[in-house]
Amino acid sequence: MKKRDIILFGIALLVIVILLPGQQEVYLSIREGMPAIPLAIPEFIVHDSSPNTQEAAQVLHQVFAADLKYSRIFEELPKDFYSYIRPLNPENIFFKDWESISAKILFVGEISNGDGNDIVFEGKVYDVKAGRGIFGKRYQTSRSLLRFAAHKMADELLRMWGERPIFTSKIVFCSNRNGKEELYMMDYDGHNQTRLTFNKVIDYMPAWSTDGRKIAYTSYQGTKVILYILEVYEGKRHEVYSRGTSFAPNFSPDGKKLVFCSQEEAGNSEIYVANSNGKNVRRLTFNKSIDTAPCWSPTSRQIAFTSDRGGTPQIYIMDAEGSNVTRVSFGGTYHDAPAWSSQGDNIAYVSRVDQIFDLYVLNLRTKQIIKLTEGNARNESPCWSPDGRHLIFTSNLNGTTQLYSIDYDGRNLRRLTSQGENKLPDWSR
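Predicted model only: the values in this text are computed from it and were never measured. Residue indices begin from 1 for each chain and proceed along its sequence in written order. pLDDT decides what is reported in this predicted model: residues at 70 or higher carry local features, side-chain atom pairs at 80 or more are listed and counted, and totals for whole chains, interfaces and linings draw on all residues regardless. Excluding hydrogens and water, the side-chain figures rest on all heavy atoms present in the structure.

With that settled, consider the overall build of the protein chain. Each helix corresponds to a stretch of at least 4 residues labelled H or I by DSSP, and each strand to a stretch of at least 2 residues labelled E; elements are numbered beginning at the N terminus. Regarding its fold elements, the protein chain presents four helices and 31 strands. This radius of gyration counts C-alpha atoms alone. The globule rule is 2.2 Å times how many residues there are, raised to the power 0.38. Against the globule reference of 22 Å for 429 residues, the protein chain gives a C-alpha radius of gyration of 23 Å, in line with a compact fold. Dimensions along the principal axes, computed over C-alpha positions, put the protein chain at roughly 75 × 50 × 40 Å. When burial is assessed residue by residue, the protein chain has 53% of its 429 residues classed as buried. Buried residues are those whose accessible area, probed at 1.4 Å on protein chains only, stays under 20% of the maximum for their type, while exposed residues exceed 50% and partly exposed ones sit between those limits.

Put into C-alpha coordinates, the structure is as follows:
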(Lines give C-alpha, C1' and ligand atoms only; values in the text may rest on other atoms or scores of the structure.)
Protein backbone atom coordinates (compact mmCIF):
# COMPACT_ATOMS: atom_id res chain seq x y z
CA MET A 1 0.00 0.00 0.00
CA LYS A 2 1.44 3.37 -1.01
CA LYS A 3 1.38 6.25 1.46
CA ARG A 4 0.23 8.52 -1.35
CA ASP A 5 -2.86 6.35 -1.84
CA ILE A 6 -3.54 6.36 1.88
CA ILE A 7 -3.49 10.08 2.51
CA LEU A 8 -4.96 11.71 -0.59
CA PHE A 9 -8.00 13.15 1.10
CA GLY A 10 -10.12 16.07 -0.02
CA ILE A 11 -8.59 16.43 -3.49
CA ALA A 12 -11.82 15.52 -5.30
CA LEU A 13 -13.80 18.25 -3.55
CA LEU A 14 -15.25 20.88 -5.89
CA VAL A 15 -16.02 24.23 -4.25
CA ILE A 16 -18.44 26.83 -5.61
CA VAL A 17 -19.15 30.11 -3.83
CA ILE A 18 -22.83 31.05 -3.75
CA LEU A 19 -23.74 34.72 -3.79
CA LEU A 20 -26.86 35.32 -1.73
CA PRO A 21 -29.11 38.35 -2.22
CA GLY A 22 -27.74 41.25 -0.22
CA GLN A 23 -24.68 39.24 0.78
CA GLN A 24 -21.73 41.15 2.18
CA GLU A 25 -18.46 40.03 3.70
CA VAL A 26 -19.12 39.61 7.41
CA TYR A 27 -16.35 39.00 9.95
CA LEU A 28 -17.29 38.87 13.61
CA SER A 29 -14.66 38.49 16.31
CA ILE A 30 -15.49 36.10 19.12
CA ARG A 31 -13.81 36.70 22.46
CA GLU A 32 -13.26 34.16 25.21
CA GLY A 33 -16.11 34.23 27.70
CA MET A 34 -18.73 35.48 25.23
CA PRO A 35 -21.98 33.46 25.15
CA ALA A 36 -22.35 30.99 22.30
CA ILE A 37 -24.37 32.15 19.28
CA PRO A 38 -27.78 30.41 18.99
CA LEU A 39 -27.73 28.56 15.68
CA ALA A 40 -30.57 26.75 13.92
CA ILE A 41 -29.55 23.76 11.79
CA PRO A 42 -32.79 22.16 10.59
CA GLU A 43 -32.58 18.82 8.81
CA PHE A 44 -31.03 19.21 5.38
CA ILE A 45 -33.37 19.31 2.40
CA VAL A 46 -32.80 16.33 0.09
CA HIS A 47 -33.62 16.69 -3.60
CA ASP A 48 -33.56 12.96 -4.28
CA SER A 49 -35.52 10.03 -2.92
CA SER A 50 -32.78 7.39 -3.13
CA PRO A 51 -31.72 5.81 0.21
CA ASN A 52 -28.04 6.54 -0.51
CA THR A 53 -28.66 10.27 -0.89
CA GLN A 54 -30.85 10.33 2.20
CA GLU A 55 -28.08 8.60 4.14
CA ALA A 56 -25.49 11.07 2.80
CA ALA A 57 -27.63 13.95 4.01
CA GLN A 58 -27.79 12.44 7.50
CA VAL A 59 -24.00 12.02 7.64
CA LEU A 60 -23.40 15.60 6.47
CA HIS A 61 -25.86 17.02 8.99
CA GLN A 62 -24.52 14.97 11.89
CA VAL A 63 -20.85 15.85 11.25
CA PHE A 64 -21.54 19.52 10.51
CA ALA A 65 -23.65 20.00 13.66
CA ALA A 66 -21.09 18.14 15.82
CA ASP A 67 -18.30 20.39 14.49
CA LEU A 68 -20.09 23.61 15.35
CA LYS A 69 -21.03 22.35 18.80
CA TYR A 70 -17.38 21.49 19.43
CA SER A 71 -16.29 24.99 18.43
CA ARG A 72 -17.73 26.59 21.62
CA ILE A 73 -18.73 29.52 19.37
CA PHE A 74 -22.16 28.27 18.31
CA GLU A 75 -24.94 26.58 20.25
CA GLU A 76 -27.38 24.52 18.21
CA LEU A 77 -31.02 25.04 19.14
CA PRO A 78 -32.86 21.96 20.48
CA LYS A 79 -34.54 20.09 17.65
CA ASP A 80 -37.96 20.18 19.32
CA PHE A 81 -37.94 23.99 18.93
CA TYR A 82 -38.51 23.48 15.20
CA SER A 83 -41.89 21.89 15.85
CA TYR A 84 -43.24 25.27 17.06
CA ILE A 85 -42.78 26.99 13.70
CA ARG A 86 -43.66 26.40 10.06
CA PRO A 87 -41.58 23.87 8.10
CA LEU A 88 -38.59 25.39 6.36
CA ASN A 89 -39.12 26.58 2.80
CA PRO A 90 -35.71 27.61 1.40
CA GLU A 91 -37.41 29.67 -1.33
CA ASN A 92 -39.45 31.71 1.15
CA ILE A 93 -37.94 31.83 4.64
CA PHE A 94 -40.13 33.29 7.40
CA PHE A 95 -37.42 34.89 9.52
CA LYS A 96 -39.87 35.92 12.24
CA ASP A 97 -40.53 32.24 12.88
CA TRP A 98 -36.85 31.57 13.46
CA GLU A 99 -36.47 34.70 15.57
CA SER A 100 -39.35 33.51 17.74
CA ILE A 101 -37.34 30.43 18.79
CA SER A 102 -34.29 32.60 19.59
CA ALA A 103 -32.20 31.71 16.53
CA LYS A 104 -29.60 34.32 15.64
CA ILE A 105 -28.14 32.38 12.72
CA LEU A 106 -29.94 29.97 10.37
CA PHE A 107 -28.05 27.39 8.33
CA VAL A 108 -29.94 25.87 5.39
CA GLY A 109 -28.41 22.77 3.86
CA GLU A 110 -29.55 21.19 0.59
CA ILE A 111 -28.37 17.85 -0.76
CA SER A 112 -28.63 16.58 -4.33
CA ASN A 113 -26.92 14.19 -6.72
CA GLY A 114 -23.95 15.47 -8.70
CA ASP A 115 -21.93 14.08 -11.57
CA GLY A 116 -21.52 10.33 -11.54
CA ASN A 117 -21.92 9.08 -8.00
CA ASP A 118 -21.02 12.41 -6.39
CA ILE A 119 -23.07 14.34 -3.84
CA VAL A 120 -23.69 18.10 -4.00
CA PHE A 121 -23.79 19.79 -0.59
CA GLU A 122 -25.06 23.38 -0.69
CA GLY A 123 -25.09 25.50 2.44
CA LYS A 124 -26.47 28.97 3.05
CA VAL A 125 -26.16 31.06 6.22
CA TYR A 126 -28.72 33.70 7.16
CA ASP A 127 -28.75 36.50 9.69
CA VAL A 128 -32.19 35.93 11.23
CA LYS A 129 -32.70 39.39 12.74
CA ALA A 130 -31.62 41.17 9.55
CA GLY A 131 -33.55 38.70 7.41
CA ARG A 132 -30.80 38.32 4.81
CA GLY A 133 -28.26 35.84 3.54
CA ILE A 134 -24.66 36.41 4.54
CA PHE A 135 -22.82 33.40 3.18
CA GLY A 136 -23.19 30.48 0.83
CA LYS A 137 -21.09 27.67 -0.59
CA ARG A 138 -21.57 24.51 -2.60
CA TYR A 139 -19.37 21.40 -2.50
CA GLN A 140 -19.45 18.52 -4.95
CA THR A 141 -17.76 15.51 -3.41
CA SER A 142 -17.49 11.76 -3.65
CA ARG A 143 -19.44 9.81 -1.09
CA SER A 144 -16.20 8.67 0.55
CA LEU A 145 -15.39 12.32 1.42
CA LEU A 146 -18.69 13.32 3.01
CA ARG A 147 -17.13 13.94 6.42
CA PHE A 148 -14.44 16.07 4.85
CA ALA A 149 -17.06 18.16 3.01
CA ALA A 150 -18.95 18.73 6.27
CA HIS A 151 -15.71 19.75 8.01
CA LYS A 152 -14.93 22.17 5.16
CA MET A 153 -18.33 23.81 5.47
CA ALA A 154 -17.95 24.16 9.24
CA ASP A 155 -14.49 25.67 8.77
CA GLU A 156 -15.99 28.30 6.46
CA LEU A 157 -18.33 29.40 9.24
CA LEU A 158 -15.36 29.76 11.59
CA ARG A 159 -13.55 31.91 9.02
CA MET A 160 -16.62 34.09 8.62
CA TRP A 161 -16.58 34.72 12.36
CA GLY A 162 -12.89 35.63 12.29
CA GLU A 163 -11.79 32.32 13.81
CA ARG A 164 -9.07 29.87 12.84
CA PRO A 165 -10.46 26.78 11.07
CA ILE A 166 -9.85 23.55 12.96
CA PHE A 167 -12.18 20.92 11.53
CA THR A 168 -9.98 19.94 8.58
CA SER A 169 -6.86 19.97 10.76
CA LYS A 170 -5.05 16.68 11.44
CA ILE A 171 -3.53 15.02 14.50
CA VAL A 172 -0.39 12.92 14.22
CA PHE A 173 0.47 10.47 16.99
CA CYS A 174 2.31 7.26 17.91
CA SER A 175 0.53 3.93 18.14
CA ASN A 176 1.59 0.32 18.72
CA ARG A 177 -1.64 -1.15 17.31
CA ASN A 178 0.32 -3.04 14.65
CA GLY A 179 3.26 -4.11 16.81
CA LYS A 180 6.01 -1.49 16.85
CA GLU A 181 5.23 2.12 17.73
CA GLU A 182 4.83 3.98 14.46
CA LEU A 183 3.20 7.19 13.22
CA TYR A 184 -0.50 7.55 12.52
CA MET A 185 -2.74 10.43 11.52
CA MET A 186 -6.42 11.15 12.19
CA ASP A 187 -9.05 13.86 11.90
CA TYR A 188 -9.53 16.21 14.84
CA ASP A 189 -12.51 14.14 16.03
CA GLY A 190 -10.69 10.78 15.93
CA HIS A 191 -12.09 9.58 12.59
CA ASN A 192 -10.06 8.36 9.59
CA GLN A 193 -7.12 6.98 11.55
CA THR A 194 -4.39 6.27 8.99
CA ARG A 195 -0.97 4.71 9.32
CA LEU A 196 1.90 6.86 8.00
CA THR A 197 5.10 4.89 8.59
CA PHE A 198 5.79 1.24 7.77
CA ASN A 199 9.32 0.82 9.11
CA LYS A 200 8.88 -1.99 11.66
CA VAL A 201 10.96 0.08 14.06
CA ILE A 202 9.99 2.58 16.75
CA ASP A 203 8.98 5.97 15.33
CA TYR A 204 8.47 8.52 18.06
CA MET A 205 7.62 12.12 19.01
CA PRO A 206 6.08 13.46 15.77
CA ALA A 207 5.62 17.20 15.11
CA TRP A 208 3.80 18.93 12.24
CA SER A 209 5.42 21.57 10.07
CA THR A 210 3.59 24.89 9.81
CA ASP A 211 2.26 24.14 6.32
CA GLY A 212 0.93 20.73 7.41
CA ARG A 213 2.92 18.88 4.75
CA LYS A 214 5.88 17.57 6.76
CA ILE A 215 6.35 15.75 10.06
CA ALA A 216 9.59 15.71 12.06
CA TYR A 217 10.06 12.65 14.26
CA THR A 218 12.58 10.40 15.99
CA SER A 219 13.23 6.89 14.67
CA TYR A 220 15.13 4.09 16.39
CA GLN A 221 17.20 2.58 13.57
CA GLY A 222 19.07 -0.32 15.18
CA THR A 223 21.70 1.21 17.47
CA LYS A 224 21.09 4.71 16.11
CA VAL A 225 18.40 7.20 17.11
CA ILE A 226 17.86 9.49 14.12
CA LEU A 227 15.79 12.62 13.64
CA TYR A 228 13.89 12.56 10.32
CA ILE A 229 11.53 14.77 8.37
CA LEU A 230 8.72 12.93 6.56
CA GLU A 231 7.08 14.57 3.53
CA VAL A 232 3.59 13.30 4.23
CA TYR A 233 1.96 13.46 0.80
CA GLU A 234 5.02 12.40 -1.18
CA GLY A 235 5.89 9.56 1.19
CA LYS A 236 9.54 10.63 1.29
CA ARG A 237 11.78 11.20 4.28
CA HIS A 238 15.23 12.64 4.85
CA GLU A 239 17.62 12.58 7.75
CA VAL A 240 18.02 15.70 9.91
CA TYR A 241 20.40 14.65 12.69
CA SER A 242 21.98 11.32 13.61
CA ARG A 243 24.72 12.25 16.07
CA GLY A 244 23.83 11.20 19.60
CA THR A 245 20.18 10.71 20.53
CA SER A 246 17.96 13.41 19.02
CA PHE A 247 14.29 13.82 19.89
CA ALA A 248 11.38 16.20 20.70
CA PRO A 249 11.32 18.23 17.44
CA ASN A 250 9.10 21.30 17.10
CA PHE A 251 8.65 23.54 14.02
CA SER A 252 8.42 27.29 14.51
CA PRO A 253 5.05 28.83 13.57
CA ASP A 254 6.69 31.08 10.96
CA GLY A 255 7.92 27.95 9.20
CA LYS A 256 11.60 28.92 9.30
CA LYS A 257 13.10 26.92 12.18
CA LEU A 258 13.13 23.47 13.76
CA VAL A 259 14.06 23.12 17.44
CA PHE A 260 14.91 19.75 18.99
CA CYS A 261 16.88 18.01 21.76
CA SER A 262 20.08 16.02 21.48
CA GLN A 263 22.48 14.27 23.81
CA GLU A 264 25.36 14.47 21.34
CA GLU A 265 27.83 16.84 23.01
CA ALA A 266 27.09 17.14 26.72
CA GLY A 267 25.99 13.58 27.45
CA ASN A 268 22.72 14.98 28.73
CA SER A 269 19.84 16.56 26.84
CA GLU A 270 20.47 20.01 25.36
CA ILE A 271 18.39 22.10 22.98
CA TYR A 272 19.42 22.70 19.36
CA VAL A 273 17.90 24.68 16.50
CA ALA A 274 18.12 24.23 12.73
CA ASN A 275 16.49 25.59 9.61
CA SER A 276 13.11 24.03 8.89
CA ASN A 277 14.77 21.69 6.37
CA GLY A 278 17.13 20.41 9.07
CA LYS A 279 20.19 22.29 7.85
CA ASN A 280 22.52 24.61 9.82
CA VAL A 281 22.17 22.92 13.22
CA ARG A 282 23.43 24.90 16.22
CA ARG A 283 23.23 24.46 19.98
CA LEU A 284 21.13 26.83 22.14
CA THR A 285 21.62 25.67 25.76
CA PHE A 286 24.93 25.11 27.55
CA ASN A 287 24.81 23.71 31.10
CA LYS A 288 25.17 20.48 33.02
CA SER A 289 21.43 20.18 33.63
CA ILE A 290 18.83 18.49 31.45
CA ASP A 291 17.08 20.84 28.99
CA THR A 292 14.26 19.23 27.05
CA ALA A 293 10.72 19.50 25.60
CA PRO A 294 11.19 22.73 23.58
CA CYS A 295 8.10 24.50 22.24
CA TRP A 296 7.89 27.69 20.18
CA SER A 297 5.82 30.74 21.06
CA PRO A 298 3.27 31.72 18.36
CA THR A 299 5.51 34.64 17.37
CA SER A 300 8.49 32.30 16.82
CA ARG A 301 10.58 34.67 18.95
CA GLN A 302 10.66 32.59 22.15
CA ILE A 303 10.96 28.95 23.20
CA ALA A 304 9.42 27.35 26.28
CA PHE A 305 11.20 24.28 27.62
CA THR A 306 11.74 22.03 30.65
CA SER A 307 14.93 22.17 32.71
CA ASP A 308 16.10 20.84 36.06
CA ARG A 309 18.79 23.52 36.34
CA GLY A 310 17.07 24.74 39.53
CA GLY A 311 17.11 21.28 41.13
CA THR A 312 13.73 20.00 39.92
CA PRO A 313 12.04 19.97 36.48
CA GLN A 314 10.43 23.37 35.86
CA ILE A 315 9.17 25.39 32.88
CA TYR A 316 11.45 28.09 31.45
CA ILE A 317 11.25 30.54 28.56
CA MET A 318 14.17 31.80 26.49
CA ASP A 319 14.60 33.91 23.37
CA ALA A 320 14.88 32.06 20.08
CA GLU A 321 18.65 32.62 20.15
CA GLY A 322 19.00 31.00 23.60
CA SER A 323 19.34 34.20 25.65
CA ASN A 324 17.21 35.76 28.43
CA VAL A 325 16.26 32.49 30.15
CA THR A 326 13.38 33.01 32.60
CA ARG A 327 11.66 30.54 34.90
CA VAL A 328 7.84 30.71 34.72
CA SER A 329 6.68 27.77 36.88
CA PHE A 330 6.93 27.88 40.65
CA GLY A 331 5.75 25.60 43.41
CA GLY A 332 5.74 21.86 43.13
CA THR A 333 8.68 19.64 42.27
CA TYR A 334 7.81 18.45 38.76
CA HIS A 335 6.56 20.51 35.79
CA ASP A 336 7.13 19.28 32.22
CA ALA A 337 6.00 19.22 28.57
CA PRO A 338 5.09 22.89 27.97
CA ALA A 339 2.72 23.65 25.09
CA TRP A 340 2.21 27.28 24.02
CA SER A 341 -1.29 28.27 22.86
CA SER A 342 -1.79 29.95 19.49
CA GLN A 343 -2.84 33.23 21.15
CA GLY A 344 0.39 33.30 23.14
CA ASP A 345 -1.14 34.00 26.53
CA ASN A 346 -1.35 30.42 27.87
CA ILE A 347 1.09 27.57 28.38
CA ALA A 348 -0.25 24.10 29.15
CA TYR A 349 2.03 21.70 31.00
CA VAL A 350 2.16 18.52 33.08
CA SER A 351 2.58 18.61 36.85
CA ARG A 352 3.11 15.67 39.20
CA VAL A 353 1.53 15.83 42.64
CA ASP A 354 1.58 12.76 44.91
CA GLN A 355 2.59 10.59 41.93
CA ILE A 356 -0.46 11.76 39.96
CA PHE A 357 0.18 13.48 36.60
CA ASP A 358 -2.34 16.15 35.60
CA LEU A 359 -2.57 18.96 33.07
CA TYR A 360 -2.47 22.61 34.07
CA VAL A 361 -2.66 25.88 32.15
CA LEU A 362 -0.60 28.93 33.14
CA ASN A 363 -1.82 32.34 31.98
CA LEU A 364 1.38 34.28 31.29
CA ARG A 365 -0.31 37.66 31.75
CA THR A 366 -2.25 37.09 34.95
CA LYS A 367 -0.08 34.25 36.35
CA GLN A 368 -3.31 32.39 37.09
CA ILE A 369 -3.09 28.58 36.96
CA ILE A 370 -6.04 26.36 36.01
CA LYS A 371 -6.09 22.61 36.58
CA LEU A 372 -7.58 20.88 33.54
CA THR A 373 -7.67 17.20 34.49
CA GLU A 374 -8.68 15.46 37.68
CA GLY A 375 -8.54 11.82 38.65
CA ASN A 376 -6.27 8.92 39.46
CA ALA A 377 -4.66 8.76 36.01
CA ARG A 378 -1.47 9.69 34.19
CA ASN A 379 -2.33 12.68 31.97
CA GLU A 380 0.54 13.87 29.77
CA SER A 381 1.68 15.36 26.43
CA PRO A 382 -0.71 18.31 26.03
CA CYS A 383 -1.03 19.97 22.63
CA TRP A 384 -3.27 22.92 21.67
CA SER A 385 -5.75 23.10 18.80
CA PRO A 386 -5.07 25.78 16.15
CA ASP A 387 -7.73 28.07 17.67
CA GLY A 388 -6.51 27.70 21.27
CA ARG A 389 -9.88 26.49 22.59
CA HIS A 390 -9.08 22.78 22.90
CA LEU A 391 -6.24 20.46 23.80
CA ILE A 392 -5.38 16.88 22.97
CA PHE A 393 -3.39 14.76 25.41
CA THR A 394 -2.39 11.25 26.47
CA SER A 395 -4.07 9.50 29.41
CA ASN A 396 -4.48 6.03 30.91
CA LEU A 397 -7.80 7.09 32.41
CA ASN A 398 -9.51 3.90 31.26
CA GLY A 399 -6.59 1.54 31.84
CA THR A 400 -4.73 1.73 28.51
CA THR A 401 -2.86 4.74 27.15
CA GLN A 402 -5.15 6.62 24.76
CA LEU A 403 -5.67 10.07 23.27
CA TYR A 404 -8.29 12.43 24.65
CA SER A 405 -9.40 15.97 23.90
CA ILE A 406 -10.57 18.56 26.40
CA ASP A 407 -11.61 22.22 26.22
CA TYR A 408 -9.43 25.04 27.55
CA ASP A 409 -11.58 25.28 30.69
CA GLY A 410 -11.59 21.56 31.51
CA ARG A 411 -14.98 20.78 29.93
CA ASN A 412 -16.01 18.29 27.26
CA LEU A 413 -13.53 15.49 27.85
CA ARG A 414 -13.76 12.86 25.12
CA ARG A 415 -11.76 9.84 24.06
CA LEU A 416 -10.41 9.74 20.49
CA THR A 417 -8.56 6.41 20.18
CA SER A 418 -9.14 2.85 21.34
CA GLN A 419 -7.05 0.45 19.25
CA GLY A 420 -3.71 -0.47 20.80
CA GLU A 421 -1.95 2.18 22.90
CA ASN A 422 -1.64 5.72 21.57
CA LYS A 423 0.40 8.70 22.71
CA LEU A 424 2.50 11.79 21.92
CA PRO A 425 -0.05 13.68 19.75
CA ASP A 426 0.62 16.83 17.75
CA TRP A 427 -2.16 18.96 16.23
CA SER A 428 -1.52 20.53 12.83
CA ARG A 429 -1.75 24.31 12.65
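The rest of the description comes next.
Before going further, it helps to spend a moment on the pattern of salt bridges. Proximity of charged atoms lets side chains of opposite charge pair with each other. We count a salt bridge whenever a side-chain nitrogen from Lys or Arg sits within 4 Å of a carboxyl oxygen from Asp or Glu. According to the stated counting rule, one finds 24 salt bridges in the structure shown. With a shortest N-O distance of 3.1 Å, Lys137 and Glu156 are connected by a salt bridge. Residue Lys137 is found in strand β7 (residues 132-141), and its partner Glu156 is found in helix α4 (residues 146-160); the two are separated by 19 residues along the sequence. The pair formed by Lys137 and Glu156 is uniform in burial state, with each residue classed as buried. We note a salt bridge from Asp291 to Arg309, for which the minimum N-O separation is 3.0 Å. Of this pair, Asp291 sits in strand β19 (residues 291-296) while Arg309 is found in the loop between β20 (302-307) and β21 (314-319), placing the two residues 18 residues apart along the sequence. Asp291 gets classed as buried once you look at its relative accessible area, which sits at 0%. A single network of salt bridges, built from pairs that share partners, joins Arg72, Asp407, Asp409 and Arg411.

This paragraph deals with the packing of helix α2 (residues 51-70) against α4. Between α2 and α4, the shortest axis-to-axis distance is 8 Å and the interhelical angle comes to 40°. Relative to α4, the element α2 is oriented oblique. Of the two elements, α2 crosses α4, and the hand of that crossing is right-handed. Residues Ala56, Val59, Leu60, Val63, Phe64, Asp67 and Leu68 of α2 touch α4, and the partners they reach there are Leu146, Arg147, Ala149, Ala150, His151, Met153, Ala154 and Leu157. Polar here means any residue other than Ala, Val, Leu, Ile, Met, Phe, Trp, Tyr, Cys and Pro, which are nonpolar, and Asp, Glu, Lys and Arg, which are charged; Gly is therefore polar. The class makeup of the residues in the contact of α2 with α4 is 12 nonpolar, one polar and two charged. Note on definitions: angles span 0 to 180 degrees between N-to-C directions of axes, and those axes are lines fitted to C-alpha atoms, for helices only across the stretch in contact. Angles below 35 degrees are treated as roughly parallel, those above 145 as roughly antiparallel, those between 65 and 115 as roughly perpendicular, and all remaining angles as oblique. In this scheme, a crossing is called left-handed if the near helix is turned counterclockwise away from the far one by less than a right angle; it is called right-handed if the turn is clockwise. By the convention used here, residues are in contact when the closest approach between their heavy atoms is within 4.5 Å.

The next subject is the nonpolar core. One finds Leu60, Phe64, Leu68, Phe74, Phe107 and Leu157 to be the most contacted residues of the largest nonpolar core, which totals 44 residues. Of all the elements in the fold, those that place two or more residues in this core are β2 (37-40), α2, β5 (105-113), β6 (119-127), β7, α4, β8 (170-175) and β9 (182-187). As used here, the term nonpolar core means buried Ala, Val, Leu, Ile, Met, Phe, Trp, Tyr and Cys residues forming a set that is joined through side-chain atoms within 4.5 Å.

To continue, consider α2. Structurally, the α-helix is built with 3.6 residues per turn, so residues lying three or four positions apart point the same way. Expected span of a helix, by definition, is 1.5 Å for each gap between consecutive residues, and there is one gap fewer than residues. Under the 1.5 Å per step criterion, the end-to-end length of α2 is 29 Å for 20 residues, consistent within 8% with the ideal 28 Å. Restricting attention to buried positions, one finds in α2 the residues Thr53, Ala56, Ala57, Leu60, His61, Val63, Phe64, Ala65, Asp67, Leu68 and Tyr70. Two residues or fewer after α2 comes Arg72, characterised by a positive phi angle close to 70°.

Counting buried residues along strand β29 (residues 402-407), six of its six residues qualify, which places the element largely inside the surrounding structure. Of the two faces of β29, both are covered, the one formed by Gln402, Tyr404 and Ile406 as well as the one formed by Leu403, Ser405 and Asp407. Pairs of strands are assigned from DSSP output, requiring at least two bridges between the strands. Sheet topology places strand β28 (residues 390-395) next to β29; six bridges connect them, and they run antiparallel. Following the sheet pairing, Ser395 is matched in β29 by Gln402. The antiparallel pairing of β28 with β29 creates a hairpin that spans six residues between the two strands, and Gly399 there sits at a positive phi of about 105°. Where β29 hands over to strand β30 (residues 414-415), the hairpin turn is made up of six residues, of which Gly410 adopts a positive phi near 90°.

The next point concerns the confidence of the model for the protein chain. Confidence of the prediction at every residue is given by pLDDT, a number between 0 and 100. The pLDDT averaged across the protein chain works out to 91; a share of 92% of its residues lies at or above 70. Segment residues 1-12 is flagged for pLDDT under 50; beyond a separation of four residues in sequence, or across chains, it makes 25 contacts in the model.

Of the pairings in the sheet, the one linking strand β13 (residues 224-231) to strand β14 (residues 236-241) comprises five bridges and is antiparallel in character. Opposite Ile229, over in β14, you have His238 as the bridge partner. Where β13 folds back onto β14 in an antiparallel hairpin, the turn is made up of four residues, including Gly235, whose phi is positive at roughly 75°.

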